[in-house]
Amino acid sequence: MDNNHLLRFMAVLEDLERQRKNVAFLFVFSAIPFLLSVIFLFADRETYRYYFASRIIFLPYLLSFGLAVFAGNKRKVYAKQFKRYVVEYGINQYFDNAVYSPDDGIDESTVFSTKMIIKGNHFESEDLISGLYKGVPFTQSDVRIQYRQGGFKYSKSIDYFTGRWMIFRFNKNFVCNLQVVERGFIGSRKGIDTTGDRLHKLELDDEVFNRAFKTNCENQQEAFYILTPQMMERMLELREKTKGKLMFCFLNNSLYIACNTGKNSFEPPIFSKIDLQRIMNETFNDLSLITSFVDSLNLDNRLFKE
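Anyway, here's the lowdown on the structure attached to this text. (Residues numbered from 1 in each chain as written. Predicted model: local features only at pLDDT ≥ 70, side-chain atom pairs only at ≥ 80, totals over all residues. Heavy atoms only, no water.)

### Quick word on the overall build of the protein
Keep this limit in mind: For the purposes of this entry, the term helix denotes a DSSP run of H or I that reaches at least four residues, the term strand denotes a run of E that reaches at least two, and both are numbered from the N terminus. For this analysis, residues touch if any pair of their heavy atoms sits within 4.5 Å. Method for areas: the Shrake-Rupley scheme with a 1.4 Å probe, in which residue coverage is limited to the protein chains shown.
Helix and strand content of the protein: 8 helices and 9 strands. Long-range contacts, defined as pairs at least 24 residues apart, comprise 69% of the intrachain contacts of the protein with a sequence gap of at least 6. Accessible surface, the protein: about 17100 Å² in total, of which carbon and sulfur atoms supply 53%.

Here you go:
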């Protein structure tokens, strides 16, 4: 980065820090009416009865809620600017032909076409990244899949998946639909192919692998061709290194990997100062999840290209 670019980048960081402080202040300020109301009311029972009977008690809550919504909208603007400048810079350092779209994500039909995961009734996707790493085309985004029920007074949600969804594409077409799911992955489906039929359960020679993963396939011969001893060893190593349960699906000409991290990536700080070095380290750490699968699984080798 030359001096002119560096100066512009530092100016951007100063503006982002100003926005961060404003957002943090708004979130803190939004809680004040509610807290003061609680303190005031519980300090005097007669006042509490009067306010409750006259329903004035709800005004501070409504004020706090309105301020919190306003703060949330400001946070979205700040987060978008943060991702546009800081995260995009990190992505371009890692990948070739990189394209980053913070507001977009892998679409719902693509995720559920694998038949790997329970559908739920709520789907979110953002932070779409596409590009090349070691010549391997990839797409990834954050995905959240939930089942929500209830209304305004009572609501409940079940998280089936919150984490990273990655797609690596190859020149060859896999003959079988092969699914490898880490045991304990709550949101996974049980060996269903793209037509809704049951896949065949596959037991491999590696007992450690069998205890760690459930394997289902359409064609056993092709599955053994993909799941070599070396590949199973690499998958076990990734399982130890990666936070969150894993799912792998070899389908058509793509490898789908779902990593249930339980969090979103590339989120900007709100209540702590923007520390460029720490943020870049966190960004590179998030991006390294993509590179780790290509490196560890050796996805750029001949097996996946021919």
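### Considerations on a nonpolar patch on the surface
Here is the rule: Residues enter a patch when their relative accessible area is above 30% and they make no salt bridge; the linking distance is 9 Å between like charges and 5 Å between nonpolar side chains (Val, Leu, Ile, Met, Phe, Trp, Tyr). Salt bridge criterion: a side-chain nitrogen from Lys or Arg within 4 Å of a carboxyl oxygen from Asp or Glu. Relative accessibility decides the category of a residue: with a 1.4 Å probe and only protein chains considered, values under 20% of the type maximum give buried, values over 50% give exposed, and everything between is partly exposed.
A surface patch of nonpolar side chains, amounting to about 390 Å² of accessible area, comprises F25, F29, I32 and L36. By secondary structure assignment, the location of I32 is in helix 1 (residues 3-43). Overall, I32 belongs to the partly exposed group, its relative accessible area being 35%.

### Concerning helix 7 (residues 229-241)
Note the cut-off: In this scheme, a helix's expected span is set at 1.5 Å multiplied by one less than its residue total. Of all possible arcs, the one meant is that of the directions from the helix axis to the C-beta atoms.
For helix 7, which comprises 13 residues, the first-to-last C-alpha distance of 19 Å matches the rise-based estimate of 18 Å (1.5 Å per residue) to within 8%. Along helix 7, the residues classified as buried are M231, M232, M235, L236 and L238. When helix 7 is viewed along its axis, its buried side chains cluster within an angular range of 160° and face the same direction. Residues of helix 7 that are exposed and angled more than 90 degrees away from the buried face: P229, E240 and K241.

### Side note on the packing of helix 7 against helix 8 (residues 276-297)
Note the cut-off: Helix axes are fitted only over the stretch in contact, all axes being lines through C-alpha atoms; the angle between N-to-C directions runs from 0 to 180 degrees. An angle counts as roughly parallel when it lies under 35 degrees, as roughly antiparallel when it exceeds 145, as roughly perpendicular when it falls between 65 and 115, and as oblique in every other case. Left-handed describes a crossing in which the near helix is turned anticlockwise from the far one by less than a right angle; the clockwise case is right-handed. Each residue receives one of three labels: charged for Asp, Glu, Lys and Arg, nonpolar for Ala, Val, Leu, Ile, Met, Phe, Trp, Tyr, Cys and Pro, and polar for the others, Gly being one of them.
The contact between helix 7 and helix 8 brings their axes to 9 Å, and the two run at 150°. Overall, the two elements helix 7 and helix 8 adopt an arrangement that is roughly antiparallel. In this structure, helix 7 crosses over helix 8, and the sense of that crossing is right-handed. Judged by residue contacts, M231, R234, M235, L238 and K241 of helix 7 engage S292, F293, S296 and L297 from helix 8. In terms of residue class, the contact of helix 7 with helix 8 is built from 5 nonpolar, 2 polar and 2 charged.

### Focus: the packing of aromatic side chains
So the rule is basically this: What counts as a ring pair is set by centres within 6.5 Å for rings of Phe, Tyr and Trp (its six-membered ring), and what kind of pair is set by the plane angle: stacked under 30 degrees, edge-to-face over 60, tilted for all other angles.
Counted according to the given criterion, the structure contains 11 aromatic pairs. Here F25 and F29 contribute two aromatic rings whose centre-to-centre distance is 5.7 Å and whose plane-to-plane angle is 15°, an arrangement assigned as stacked. Taken together, the positions of F25 and F29, both in helix 1 and 4 residues apart, correspond to about one turn of that helix. We classify F25 as exposed; its relative accessible area is 54%. Under the relative-accessibility criterion, F29 is labelled partly exposed at 36%. Aromatic pair F95 and Y133: ring centres 6.1 Å apart, planes at 85°, arrangement edge-to-face. Note that F95 is positioned in the loop between helix 3 (58-94) and strand 1 (96-101) and Y133 in strand 2 (residues 122-133), a separation of 38 residues in sequence.

### Here's the deal with the environment of Y89
If you trace the backbone, Y89 turns up in helix 3. Residue Y89 is classed as partly exposed on the basis of its relative accessible area of 29%. The sequence separation of Y89 and M280 amounts to 191 residues, and the corresponding C-alpha distance is 9.1 Å.

### So, the pairing of strand 5 (residues 178-182)
Regular strands place their side chains on alternate faces of the sheet. Heads up, the condition is: DSSP-based pairing: two strands are paired if at least 2 bridges between them are found.
Counting buried positions along strand 5 gives 5 out of 5 residues, so the element sits mostly inside the fold. Burial along strand 5 is two-sided: L178, V180 and E182 and Q179 and V181, pointing in opposite directions, are all buried. Sheet topology note: the strand 5/strand 7 (residues 213-217) ladder contains 5 bridges and is antiparallel. Looking at the pairing, Q179 lines up with N216 of strand 7. Note that strand 5 and strand 8 (residues 245-251) share 4 bridges and pair antiparallel. Bridge pairing in strand 8 places L178 opposite F250.

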